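Residues per chain, in single letters:
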Amino acid sequence: MTEQANLIYLDYAASTPVDPWVAEAMTALMTADGNYANPSSTHIAGRRSVEFIRHATGQLAALLNTDPGCLIWTSGATESDNLAILGAAHYRQVRGQHLITMRTEHKAVTDPFNTLQKQGFEVTWLDPETDGLLDIAKLAAALRDDTQLVSIMHINNETGVTQDIEQLGRLCHERGCLFHVDAAQSVGKLPIDLATLPVDLMSMTAHKVYGPKGIGALYIADRPGVHVDPLLFGGGQQRNLRPGTLPAQQIVGFGAAAAIAQSRMIDDRKHLGAMRDRLWSGIRDIPGISTNGAMECAFAGILNVSIEDVEGESLMLALEPLCVATGSACNSKSQEPSYVLRALGRSDELAQSAIRFSFGRPTRSQDIDVAIELYRNAISKLRGMAPERAA
Amino acid sequence: MSNDPYGAQVRALFDTPAHAGCLAGALSARVEDQGVRVCLYAELAGGKIRALRFQAWGCPHVIAAVEAFCAGYEGRLAAELLEFSASDLMQSLSVPVEKTGRILVIEDTVRALGSIARETSISDN
């Protein structure tokens, strides 16, 4: 615990701290003097809990400019992705069994698609361009009459590259298939207007936007043909789509986090951009350094860099007490190079040397300056003890 | 139970590798395999190892292990290099079994250095 004070945390794409106002709102629903009742109960205390949930759902719906009735509460983005992809594919399988996604999606998306492949669905895996973006012509060429679902993430969790979901979604709708967006990294950070965006299903989570862990949501558009089969059964809550006792305090936390995000989104983005630019300015002159994913089409909260002639695992250790990520946090115990960076055409060695810096509201200029010093020193140390490459 | 992949000894050896560097004009051996590069330098005197240095490109366990080897073999007989086994280092540094191949690159480099030392000794005689 005493180490906490010395840490420089630049891993906000993995998780953010809970905003104090959010924590306060949640606490009020957890203790004996608060509204802890089961919202499924019909007594007065239960009905109060329902009111809190209704208010929070309204806050999230306002952030996304959608009808609260289109939101289903889940345990997080992973469950939302699973429910969207497995649920939509199964619901629409009588119409066709062809599905499309990208190789650079999060495991919470690729694994459900792998599962569907084993069940007999046909999946087309699209590669990004070297800048990380999906060429819409590739999607157009992959779409077929029997394509039922396309799933493309909004902000890539490793590189920050941001796809044009409006353009991609419009094409999907022209071709009569559903469009799912994993927006775990973008909800509360980029403007999202679901009243106008051609998106049918959108996954999101609270803990990337200063809300609590353990709560997420799935947006399901109120349009004909847009529906998912449930993954869980028992209880009938949330129109049978996702049964189980609603965690009122978590939902209230997500709602409060959404409201705060809506009120400070512009300031947040300015701050993140300033932090990223300061860091990049401090390291861009190091020989052999390069960004993964083009910065001009990436979210300002993430900077992913690779470096030649430096071993990635040693780099991570040499960077302590800097808290950053190599691959995605969900995959960080693996020694395998990031499949996302490999899909961008990076060599194993460059992918393995990748460091993802991600910034948040608490990030200060001093943190960035320490990070620059630690990174430069680590590179210098490791290169200094490495033998020359064989000719 | 700690979930730190590196023990205190590995961290200490990695943080301050006192034998990192090279020795001009010394015997040297280099092996590159398993995504690891190890280069060892040795100064000998009277059949004994007077000084060892290393250069390495690899994970923290590799760097810690090669530093531990250098620290432990200065002053010993050069002939012992030929009998070096990495298994003791694997054990003392709690190297994960999946990294065995990488640590064996150190063993290969040490034995190659031992062979060079023996040939040098024969030609000197």
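Just so it is clear, the model here is predicted, and its values are computed rather than measured. (Residues numbered from 1 in each chain as written. Chains lettered and ligands numbered in written order. Predicted model: local features only at pLDDT ≥ 70, side-chain atom pairs only at ≥ 80, totals over all residues. Heavy atoms only, no water.)

Engineer: Could you clarify how one ought to interpret the sheet that holds strand β12 (residues 355-358) of chain A in this entry?
Structural biologist: In sheet architecture, strand pairing relies on hydrogen bonds along the backbone and comes in two forms, parallel and antiparallel. All names here are of chain A. Read from one edge of the open sheet, 3 strands run β9-β10-β12, paired in antiparallel fashion. The outermost strands of the open sheet, each flanked by one partner alone, are β9 (289-291) and β12. When strand polarity is set aside, the average angle formed by the axes of neighbouring strands in this sheet is 30°. Relative to β12, strand β10 (residues 302-307) is paired through 4 bridges, and the arrangement is antiparallel. Bridge assignment links Leu-303 to a residue of β12, and that residue is Phe-357. Sheet strands touched by helix α7 (residues 248-283): β9, β10 and β12. Its angle to β10, the strand with the most contacts, is close to 15°. (Pairing = 2+ DSSP bridges. Helix = DSSP H or I, 4+ residues; strand = E, 2+ residues; numbered from the N terminus. Axes fitted to C-alpha atoms, helices over the stretch in contact; angles between N-to-C directions. Contact = heavy atoms within 4.5 Å.)

Engineer: Would you mind showing me how to read the interface of chain B and chain A here?
Structural biologist: How big an interface is tends to be expressed through the accessible area that disappears when the partners come together. With 20 residues of chain B at the interface, the matching set in chain A holds 18 residues. Between chain B and chain A lies a buried interface of about 1,700 Å² when both sides are counted; carbon and sulfur atoms form 55% of it. On the chain B side of the contact with chain A, Phe-14, Arg-37 and Trp-57 of chain B bury the most area, a combined 37% of that side's loss. Here chain B is connected to chain A by 3 salt bridges. Residues Glu-320 of chain A and Arg-11 of chain B are paired through a salt bridge, measuring 2.6 Å at the closest nitrogen-oxygen approach. (Buried area = accessible area lost by both parts, 1.4 Å probe. Salt bridge = Lys/Arg side-chain N within 4 Å of Asp/Glu carboxyl O.)

Engineer: Explain the packing of aromatic side chains to me, please; I cannot follow it from the model alone.
Structural biologist: The description of two aromatic rings rests on the distance between their centres and on the angle between their planes. Inspection of the entire model under this criterion finds 7 aromatic pairs over all chains. Ring plane angle 70° and centroid distance 5.8 Å describe the contact between Phe-357 of chain A and Tyr-375 of chain A, whose orientation is recorded as edge-to-face. In this pair, Phe-357 of chain A sits in strand β12 while Tyr-375 of chain A sits in helix α11 (residues 365-384), placing the two residues 18 residues apart along the sequence. Their ring planes at 80° and their centres at 5.6 Å tell us that Tyr-73 of chain B and Phe-84 of chain B sit as a pair that is edge-to-face. Residue Tyr-73 of chain B is found in helix α2 (residues 60-73), and its partner Phe-84 of chain B is found in the loop between α2 and α3 (87-92); the two are separated by 11 residues along the sequence. Like Phe-84 of chain B, Tyr-73 of chain B is buried. For the cation-ring pair, Lys-381 of chain A lies above Phe-14 of chain B, with the distance from its terminal atom to the ring centre recorded as 4.4 Å. A cation over an aromatic ring shows up here: Arg-76 of chain B above the ring of Tyr-73 of chain B, its NZ or CZ 4.0 Å from the ring centre. (Phe/Tyr/Trp six-rings, centres within 6.5 Å; stacked < 30°, edge-to-face > 60°. Buried < 20%, exposed > 50% of the residue type's maximum accessible area, 1.4 Å probe, protein only. Lys NZ or Arg CZ within 6 Å of the ring centre and 35° of its normal.)

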